[in-house]
Amino acid sequence: LLENILEDKLKELNSFEYRGNRHNFSDGNIHAAIHTLKNLQDDGLVRTNERAYDLIALGKSFEETIQGDKKSFTIKFIDWENINNNAFHVTDEFVVEGVNDTRRPDLVLFVNGIPFCVIENKRRDKNSSIDESISQHTRNQGKEQGVPKLFYYNQLLLAVQPNEVKYG
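Structure report, in brief. Small disclaimer: the values here were computed from a predicted structure and weren't measured.

**Let's talk about the packing of aromatic side chains**
Aromatic ring pairs are reported here in terms of the distance separating the ring centres and the angle at which the planes meet. Evaluated as defined, the whole model comprises four aromatic pairs. Measuring from centroid to centroid gives 5.2 Å for Phe 94 and Phe 110, while their planes differ by 75°, and the two rings are edge-to-face. Here Phe 110 lies in strand β8 (residues 107-111) and Phe 94 lies in the loop between β5 (88-92) and β6 (96-97), a separation of 16 residues in the sequence. Overall, Phe 94 belongs to the partly exposed group, its relative accessible area being 22%. With relative accessibility at 1%, the residue Phe 110 sits in the buried group. A network of ring pairs unites the aromatic residues Phe 16, Phe 25 and Phe 73 as a single cluster. One cation-aromatic arrangement involves Lys 60 over Phe 62; the distance from NZ or CZ to the ring centre is 5.6 Å.

**Some points on the nonpolar core**
Counting residues in hydrophobic clusters, the biggest one holds 24 residues, and the most contacted among them are Leu 10, Leu 37, Phe 77, Ile 114 and Tyr 153. Considering every element that reaches this core, the biggest residue donor is helix α2 (residues 27-38), with four residues. Among residues more than four places away in sequence, those in contact with Ile 114 are Leu 1, Leu 6, Leu 37, Ile 56, Phe 77, Ile 78, Leu 109 and Tyr 153. Grouped together as the second largest cluster of nonpolar side chains are nine residues, Val 96, Val 108, Leu 150 and Phe 151 included.

**Remarks on the environment of Thr 102**
Mapped onto the elements, Thr 102 comes out in strand β7 (residues 102-103). Considering only alpha carbons, one finds Thr 102 and Leu 156, 54 residues apart in sequence, at a separation of 21 Å. If we ignore the near neighbours within four places in the chain, the residues touching Thr 102 are Val 95, Val 96 and Glu 97. There is a polar contact of 3.0 Å between the side chain of Thr 102 and the side chain of Glu 97.

**Brief notes about helix α4 (residues 129-141)**
For α4, with 13 residues, the first-to-last C-alpha span of 19 Å sits near the 18 Å given by 1.5 Å per residue. Turning to α4, its buried residues number three or more, namely Ser 129, Ile 130, Ser 133, Gln 136, His 137 and Asn 140. The buried side chains of α4 occupy one side of the element, clustering within an arc of 120° when seen end-on. The exposed set on the far side of α4, more than 90 degrees from its buried face, consists of Asp 131 and Thr 138. Lining the buried residues of α4 we find β7, β9 (114-121), β10 (156-161) and β11 (164-167).

What counts as what
Residues numbered from 1 in each chain as written. Predicted model: local features only at pLDDT ≥ 70, side-chain atom pairs only at ≥ 80, totals over all residues. Heavy atoms only, no water. Phe/Tyr/Trp six-rings, centres within 6.5 Å; stacked < 30°, edge-to-face > 60°. Helix = DSSP H or I, 4+ residues; strand = E, 2+ residues; numbered from the N terminus. Buried < 20%, exposed > 50% of the residue type's maximum accessible area, 1.4 Å probe, protein only. Lys NZ or Arg CZ within 6 Å of the ring centre and 35° of its normal. Core = buried A, V, L, I, M, F, W, Y, C linked by side-chain atoms within 4.5 Å. Contact = heavy atoms within 4.5 Å. Polar contact = N/O pair within 3.5 Å; in protein donor to acceptor, adjacent residues only side chain to side chain. Expected span 1.5 Å × (residues − 1). Arc of directions from axis to C-beta.

This is how it looks when you write it as structure tokens:
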């Protein structure tokens, strides 16, 4: 996660209405939302990705105290209604520290600091370049040699060469 970007976007995108007045979420709840997303319990890559998807798609409720009343309101991680309110970033050779190795996926696409897409891009002059890309994705998702936390949040994986693309 690009935590500084995520924090800025959560503050910008989220507020709630109470008794006709608009309020911002407390810094504590903004940090709690980041903590919730960042510290997902590893329950295998597929299940963990499903939980991350639910958080990203639905948001999470947090309790705020306003004028002595405690009420729960939802913090959303992405503005799904107005896509232009979100921040988009692309990195090349994004460095990710794993348990045993450092990996550098060719491209990582972020939405509000959340890694949504990982792309392995290969040359056209190698016959097996798409297979090599898929193999790298598979290796990078593994616990021993990979960086599985990067893939907790991914919604799209691409294996790319100039004349062929595979996605999952």
